[in-house]
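# Residue-level structural notes
Here is how the chains run, residue by residue.
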Amino acid sequence: MDPVVIPIFVAALVVVFLVAATVRIVPQARRYNIERFGRYRRTLQPGLNFVLPVADRVNTKLDVREQVYSSDPKPVITEDNLVVNIDTVLYYQITDPRAAAYEVADYLQAIDQLTVTTLRNVIGSMDLEATLTSREEINARLRAVLDDATGKWGIRVNRVEIKAIDPPNTIKEAMEKQMRAERDKRAAILHAEGERQAKILTAEGTKQKDILEAQGTQQAMILRADGESKAVELVFQAVHRNNADAKVLAYKYLETLPHLAQSDNNTFWVIPGELTEAIRTVTTAFGDQSAGAGPSVSAEREDSAAADVAAGDKDGVGAPEIEPNSTLALDAVAAADEAAKEAAAAVSDAKAEAEAAGETRLPGRGRASGA
């Protein structure tokens, strides 16, 4: 082997070693602390950096991104002497690599122990209910204490969160019973409120129904009475327009008497006081045939007719009839039949005119109601 090649090869190896020891490439979001002969020299920034070989060396490599640290559950005693296990989550970031490397030996352990002591101070002044419901307050107090203590370590605490608060099992069972009782109470109250509202709505509906039914009945009675009054008015006008005499009216009066005994309660029926006057009117209609009998005979006939009507049977069959063996003459019977026919014809004419008058008025009433 050529003796010149060996020195060249050795020189090349030395140059490569020196270049490799001189050049330092730092990744993004990383910081390297450089010591020269054991003393802090500087902190390398991301990118290409040059150092003195052999004299300079990298002491610590730090990540300056925001870090997440989850601690193990720690037992903490509350103000009411209950032991709860609290698990925290810490978000921090290194702001000064030199201080983080040289001001504290292990910043994670230091932060963990500081978090535990601060939690015990904060939770020790609260009872269990306040601890469970005051997480925001606990987080804020923890962050203030940690940020103040870790500032000189070159670390900024961005956020502290309580991940879990675990009370003892007996307390959990008691809390579950309490919550179950509260839920049962709310359910009973809601059920009672629902029943109350249902009863109120039912009562309101019944009230409105009764009011509407009463109004409907009232309107129906008013309309029925109005119709009956108009019908009576039409009949009255038709009777007066046809100038019905007292004979026809008296006959119709006697014709109505048998209907008094057709009701369910037909044990007795009352003879109106105008019966004698009606019989006298009918008798006067037969005056042409019975005038020769004299006043005494007429009076006897009236009394006999009244007695016959009053002594009628309880079934109320028909108007007073003329007995075949009575003292009235056959010509009087014929005259009575003729008068009855004339009365029936007059009543038929009155009804026809009343109907004609009603048909004449109905179109006008329809127009009035339509308007």
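To keep things clear, this report deals only with the structure shown in the data block. These numbers were taken from a predicted model, which means no experiment stands behind them.

For the structure shown, the criterion picks out two aromatic pairs. Ring geometry for tyrosine 40 versus tyrosine 102: centroids 5.6 Å apart, planes at 70 degrees, classification edge-to-face. Here tyrosine 102 lies in helix 2 (residues 97–102) and tyrosine 40 lies in strand 3 (residues 39–44), a separation of 62 residues in the sequence. Here tyrosine 40 falls in the partly exposed class, since its relative accessible area comes to 29%. Judged by its relative accessible area of 33%, tyrosine 102 falls in the partly exposed class.

This part covers the environment of serine 70. With respect to the helices, strands and loops of the structure, serine 70 is situated in strand 6 (residues 67–70). On the accessibility criterion, serine 70 (36% relative accessible area) is partly exposed. Sequence separation between serine 70 and valine 89 is 19 residues; the distance between their C-alpha atoms is 4.5 Å. Setting aside residues no more than four positions away along its own chain, serine 70 makes contact with Asp87, Thr88, Val89 and Lys163. One polar contact links serine 70 to lysine 163, side chain to side chain, over a distance of 3.0 Å.

It is worth spelling out the nonpolar core at this point. In this structure, Ile86, Leu90, Ile138 and Ile155 are the most contacted members of the largest nonpolar core, which totals 29 residues. The biggest single contributor to this core is helix 3 (residues 107–123), with seven residues. In contact with isoleucine 155, not counting residues within four places along its chain, are Tyr92, Gln93, Ile94, Thr95, Tyr107, Ile111 and Thr150. Core analysis: the next-biggest nonpolar cluster, separate from the first, contains five residues, Val26, Tyr32, Leu44 and Val51 among them.

The next point concerns helix 3. Taking 1.5 Å per residue, 17 residues should reach 24 Å; helix 3 reaches 24 Å between its end C-alpha atoms and fits that length. With a side-chain oxygen positioned 3.4 Å from the backbone nitrogen of leucine 108, the residue opening helix 3 is aspartate 106.

The strand order across the open sheet formed by three strands is 3-2-5, and the pairing between neighbours is antiparallel. Edge positions in the sheet fall to strand 3 and strand 5 (56–63), since each has one partner strand and no second. Neighbouring strand axes in the sheet, compared pairwise and without regard to direction, differ in orientation by 25 degrees on average.

So, about empty space enclosed by the protein. The final tally for this structure, using the stated rule, is one cavity of 30 Å³ or more. When its volume is computed, the largest cavity comes out at roughly 50 Å³. If you go around the largest cavity, the residues you meet are Tyr69, Ser71, Thr88, Val89, Leu90, Ile111, Asp112, Thr115 and Val160. Only strand 8 (83–94) and helix 3 provide two or more residues apiece to the lining of the largest cavity.

Conventions used here
- Residues numbered from 1 in each chain as written.
- Predicted model: local features only at pLDDT ≥ 70, side-chain atom pairs only at ≥ 80, totals over all residues.
- Heavy atoms only, no water.
- Phe/Tyr/Trp six-rings, centres within 6.5 Å; stacked < 30°, edge-to-face > 60°.
- Helix = DSSP H or I, 4+ residues; strand = E, 2+ residues; numbered from the N terminus.
- Buried < 20%, exposed > 50% of the residue type's maximum accessible area, 1.4 Å probe, protein only.
- Contact = heavy atoms within 4.5 Å.
- Polar contact = N/O pair within 3.5 Å; in protein donor to acceptor, adjacent residues only side chain to side chain.
- Core = buried A, V, L, I, M, F, W, Y, C linked by side-chain atoms within 4.5 Å.
- Expected span 1.5 Å × (residues − 1).
- Pairing = 2+ DSSP bridges.
- Axes fitted to C-alpha atoms, helices over the stretch in contact; angles between N-to-C directions.
- 1 Å grid on protein atoms, 1.4 Å probe; cavity = no way out; pocket = protein on both sides within 12 Å on 5 of 7 lines; lining within 4 Å.
- Points joined across faces, edges and corners; volume = space filled by probe spheres on them.

The analysis is restricted to geometry; functional conclusions fall outside its scope.
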